[in-house]
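The residues making up each chain are set out below.
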Amino acid sequence: MTNRTLSLDVDPVWESIDRVRRENEVFLRTHQIPQPSIEALSMVTCELMENAVKYGFFEGDVKTIQSRCSVESDSVVLEVRSPVKPGDDAAMARLDHMIQWIRGYQDPFQAYLMRLREVSSQAMGTSESGLGLVRIAYEGQSVLDFFVDSGSVLNISALHAVEGAR
Amino acid sequence: MSISEVPKAPLRGEVIHEGRRHPFEVLGARRSALEVRFTNGTLPVDRMEVEGAEVTLIADPIAIGRCRVEGHRGVGDVAMAHIIPTETPLRCDDLYKRRLVVRLDQGFDQTALLQRRKAEIRPEFRAYTADLVYDLAIYRQLFDEIDASLANEKPETAALVRDSVRAKQGRAFLRFFDERLAQLETMVAGFTRAEHERHGFYFRRNVWGNILTSAFLARTNIRPRGYAGDSMMMQQLYDNSYQGDSLFGQLMHKHPIETAAAQAVRNRRKLLVDLIEAAYRDRPDPSRALRILSVACGPAWEVRDLFTRAEDAARFSCTLLDQDEEALGEAEHHIHLVGTRLEAPVQAKYLRDSVRTMLMSKDIVAQFGKHDFIYSMGLFDYLTAPVARSVLTRLYELLEPGGRMVIGNFHVENPTRTYMEYWMDWVLLYRHEDDFQALGRELPGATFEIYREETRSQMFLDVRKPRG
Amino acid sequence: MSETFQHGELKLEVKDTTVTLTGRSTARDPGNFIGPILTNLYKQASAAGKAMILDFRKLDYMNSSTITPVIRLLHEAKKSGGKVTITYDGKSRWQDLSFSALTIFATEDKRIEIRGE
Ligand SMILES: C[S@@+](CC[C@H](N)C(=O)[O-])C[C@H]1O[C@@H](n2cnc3c(N)ncnc32)[C@H](O)[C@@H]1O
């Protein structure tokens, strides 16, 4: 049986994003994941990795980003782990709130519309708006979730159902 | 709801009146008005429109157009006023709290985008929806007629008549609703996830007027606290009564809380009391109270049920954890009342935390204590496997040797699933027995049992930790 | 006459008042590179009374921050009365999802137009 999980440990530099994206793509292809899902998951990989590189706190014990891509019977789970600044509870609480809010809608398009109103209302950056997370749900057709472990490492995951399965 | 931080620097701006500028500082905001203080100590005008105003969010001032200035009467400070943008109404609370300039009518820019969406709806689904909306309108009008005819009746008489109508025509309507739901289930059975999403969206737009008549459906759709399943919804589920001003609204409220899933929520409340009593009988250390931890406790009705006699207060010691301040407050209030009624204060601790971040703490035992019985209902249906696994592992660490942990999760066979997704906009992560038990794969020494309650929609993972 | 700008895997080809984007836009802050090119061209097009055309059809991927300079441009156009047309590949799922949303900036007189082809 082929390995159903691909784990990578990469440096928190911009170039790592594309490396993880490529390796995930190859891995998903060997597991016969349909092309539309591979495209969606590539986008999700990039968005999650970008956030990890941008907002990760690499001055503590953990100096790398870990990525896992697991193929399950009816879904694919992407996980990205990156350290957060210890004690930055407010940022984690905002992430929690944001993810629950996005996931509250049966149709992520609705969350997308709401975010778009704010982004379009002025020249604001997309990262502040959470548009990237909404895009994971809407375009990436994935369910976001996260937890922070005792080493202050943020584990953010996206669950993508492979079409056909509900 | 944004992940950007609320800025600490004060928000400032200027009002422009007859060509002169009057600086102000923003002190607060309502939805459509800014609460300000003019920094030079007086109002430029009162109860009048000014030609323009600007606010400075980060760098450049942003014009917000014509505004009305209304002095604050009744407060000592004469320089305080409300500024109401009238040329372009704005979401002033977001302007103040999040430094976002969002027009109140921004959504109207999306009309074309929204209208375009109907092109992707299957014709048979459109037909189904249109027919349903029509048939619901017929019922609504008939029930409204009865409401109107009772308008001048004595309240007691009207109540009797309504009872009778609900019992006959009301029940018939609820059965009609059941049939239509069954058709909906058949129709969407083969849909892909994306199709469910699109069709659900289209469906709710069409039945929105009906949704709003129902206190329960309105709340599940609007989610005023940002998540589904808040303590008010739980209360409505537990009450299971006719709520609302109109007969039609009462029926639209009652229907979704008579479903299998709703009954399962009521069943699990009873089940918990039995489980806790059983845990008490088997408690590892009979010399002390049984320590219970409820994770995502919500309003914790089952805890109130647990205390019926004064002696009970000494039998249990509870720790209740939830992310929602309001739900915790409610739990605390009612549990306190129970203690007062029994004249024996209940030992309870209330912790506000999210399970997603509580794992961050290095020494969770020091923070949350060890417990004999841990349970969590209505939480795991929201956690994906990686998160659920790690939460379960950490909770197991909080379990005393010989302790027991019971976790609820809706089963994939939940017969109310389509109803919840299409009508309530309420999506859960459903599990099979296998995936559920797999979450606990790595718990050292644990033994498992999995069972469901009577309606078979709610499943429980019952975990035991070996004694010493 | 055309001019080509390249940044990583992203290429912007400017010809007359049309910008064609190809490749992948994955920079940390794509606005730094794309923003000034768009702003310049918008000014030139407006001065000449012409519509500026942004062609995304051959773009393979963009990260979510790439949308920021585009939205900024649409804002500017909406405010200052210039003409902008955006074309995207309506048959590509990701392009359709990302760009059809920009129709919220479209004006009835087609001064600002978002076209899926
Ligand atoms: C469906 S209610 C169930 C409440 C209660 N257990 C019952 O059965 O009546 C879900 C509760 O979970 C809480 N909750 C959701 N996500 C949470 C999280 N990440 N951490 C802590 N509580 C959470 C909510 O605030 C809400 O009170």
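The model shown is predicted, which means the values in this text are computed figures rather than measured ones.

## Observations concerning the interface of chain B and chain A
Next, step 1: Each side of the interface is counted separately: chain B has 53 residues, and chain A has 49 residues.
Next, step 2: Both faces considered, chain B and chain A share a buried interface measuring about 4,700 Å² in area, 51% of it formed by carbon and sulfur atoms.
Next, step 3: One salt bridge in this structure joins B:R117 and A:D107, with 2.5 Å as the shortest N-O distance.
Next, step 4: At the surface where chain B touches chain A, the tally comes to 17 residue pairs in polar contact (both at pLDDT 80 or more).
Next, step 5: Taken together, the elements giving at least two residues each to the side of chain B that touches chain A come down to α2 (111-116), α5 (193-206), α14 (355-358), α16 (385-397) and α17 (417-422) of chain B.
Next, step 6: When the residues that make up the side of chain B that touches chain A are grouped by side-chain class, the tally is 20 nonpolar, 16 polar and 17 charged.

## Some points on empty space enclosed by the protein
Next, step 1: This model, assessed by the stated rule, comprises two cavities of 30 Å³ or more.
Next, step 2: As a volume, the largest cavity reaches approximately 100 Å³.
Next, step 3: What lines the largest cavity is A:Y112, A:L116, A:L131, A:R135, A:E139, C:M62, C:N63, C:S64, C:I67, C:S98, C:A101 and C:L102.
Next, step 4: Elements represented by at least two residues in the lining of the largest cavity include exactly α4 (108-121) and α6 (131-138) of chain A.
Next, step 5: By residue class, the composition of the lining of the largest cavity is seven nonpolar, three polar and two charged.
Next, step 6: Counted as a void, the second largest cavity has a volume near 40 Å³.
Next, step 7: What lines the second largest cavity is A:V20, A:N24, A:T45, A:L48, A:M49, A:S67, A:R68, A:L78, A:E79 and A:V80.
Next, step 8: Its residues assigned to classes, the lining of the second largest cavity comprises five nonpolar, three polar and two charged.

## A word on the interface of chain C and chain B
Next, step 1: Of the residues lining the interface, six residues belong to chain C; the matching set on chain B comes to four residues.
Next, step 2: Together chain C and chain B conceal approximately 430 Å² of surface at their shared face, both sides included; 52% is due to carbon and sulfur atoms.
Next, step 3: When the area that chain C buries against chain B is broken down by residue, the three leading residues are C:S100, C:T103 and C:I104, summing to 70%.
Next, step 4: Our count for the chain C to chain B interface comes out at one salt bridge.
Next, step 5: Between C:D96 and B:R116 there is a salt bridge, with the nearest N and O atoms lying 3.4 Å from each other.
Next, step 6: Our count for the contact surface shared by chain C and chain B stands at one residue pair in polar contact (both at pLDDT 80 or more).

## Some words on the sheet that holds strand β11 (residues 347-352) of chain B
All names here are of chain B.
Next, step 1: Taking strand neighbours across the sheet as the criterion, the seven strands line up as β11-β10-β9-β12-β13-β15-β14 in an open arrangement whose pairing is mixed. Single-partner strands in this sheet number two, and they are β11 and β14 (447-452). Within this sheet the neighbouring strands show an average axis-to-axis angle of 15°, counted without direction.
Next, step 2: Taken together, the seven bridges between strand β13 (residues 399-410) and strand β15 (residues 458-464) define a ladder with antiparallel strand orientation. Counterpart to R404 in the pairing with β15 is R464.
Next, step 3: Its contacts with the sheet place α16 against β9 (290-295), β12 (371-376), β13 and β15, and it is angled at close to 150° to β13.

Conventions and cut-offs
Residues numbered from 1 in each chain as written. Chains lettered and ligands numbered in written order. Predicted model: local features only at pLDDT ≥ 70, side-chain atom pairs only at ≥ 80, totals over all residues. Heavy atoms only, no water. Contact = heavy atoms within 4.5 Å. Buried area = accessible area lost by both parts, 1.4 Å probe. Salt bridge = Lys/Arg side-chain N within 4 Å of Asp/Glu carboxyl O. Polar contact = N/O pair within 3.5 Å; in protein donor to acceptor, adjacent residues only side chain to side chain. Helix = DSSP H or I, 4+ residues; strand = E, 2+ residues; numbered from the N terminus. Nonpolar A, V, L, I, M, F, W, Y, C, P; charged D, E, K, R; others polar. 1 Å grid on protein atoms, 1.4 Å probe; cavity = no way out; pocket = protein on both sides within 12 Å on 5 of 7 lines; lining within 4 Å. Points joined across faces, edges and corners; volume = space filled by probe spheres on them. Pairing = 2+ DSSP bridges. Axes fitted to C-alpha atoms, helices over the stretch in contact; angles between N-to-C directions.

It is worth stressing that arrangement in space is one thing and function is another; only the former is reported here.
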